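Take a look at the letters that make up each chain.
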Amino acid sequence: MHRLLSIATACILCQGQAAAAIYKCHEGGRVTYADRPCPGAGAELALRAAPPPDPETQARMARARDMVLEIDKERAEQTLREERDGERARRAALALRKRCDKLRLQRQWLEEDLARTRGDAKEAARIKVRRQAETLAVECPA
């Protein structure tokens, strides 16, 4: 029992070592592996902080940023105007199409009335059909 407990303890300790980092070192053309960082590899690079920009550069950057923001604002406004103009044009085209459809239908009805008309009223019906056709030609040229 004592022996089993010592084997289990050894396995637990070895497991912790197995999960540790392994370092690959190059020494004199040879590659070695170790559980510690290689000699001389621990030196940190000294980074210098960038000097703060001078006031003139900061002012120039602020002007450039403001200019970019203004351009973006103008572009957004132009896009909005174009969308509104496009929507207005679509509504106008729809209204024109409805108007032309209505005029065509009225002309069709007047032609049907002309075909049914007899006698003196036939000339008046012809005039109505002609006037409707002229109205349609003026308002809907295609």
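Above this note sits the structure.
Calculation rules
- Residues numbered from 1 in each chain as written.
- Predicted model: local features only at pLDDT ≥ 70, side-chain atom pairs only at ≥ 80, totals over all residues.
- Heavy atoms only, no water.
- Helix = DSSP H or I, 4+ residues; strand = E, 2+ residues; numbered from the N terminus.
- Expected span 1.5 Å × (residues − 1).
- Buried < 20%, exposed > 50% of the residue type's maximum accessible area, 1.4 Å probe, protein only.
- Arc of directions from axis to C-beta.
- Contact = heavy atoms within 4.5 Å.

A. Local environment of helix 3 (residues 121-139). Helix length check: helix 3, at 19 residues, gives a terminal C-alpha distance of 27 Å against a target of 27 Å (1.5 Å per residue), a fit within 8%. Here helix 3 has its buried residues at Ala125, Val129, Gln132 and Leu136. Buried residues of helix 3 fall within an arc of 65° about the axis and therefore sit on the same side. Exposed side chains of helix 3 directed beyond 90 degrees from the buried face belong to Arg131 and Val138. Contacts made by the buried residues of helix 3 are with helix 2 (55-116).

B. Fine view of the side chain of threonine 117. Here threonine 117 shows up in the loop between helix 2 and helix 3. Overall, threonine 117 belongs to the buried group, its relative accessible area being 15%. With sequence-adjacent residues up to four places away left out, threonine 117 is seen in contact with Lys122 and Ala125.

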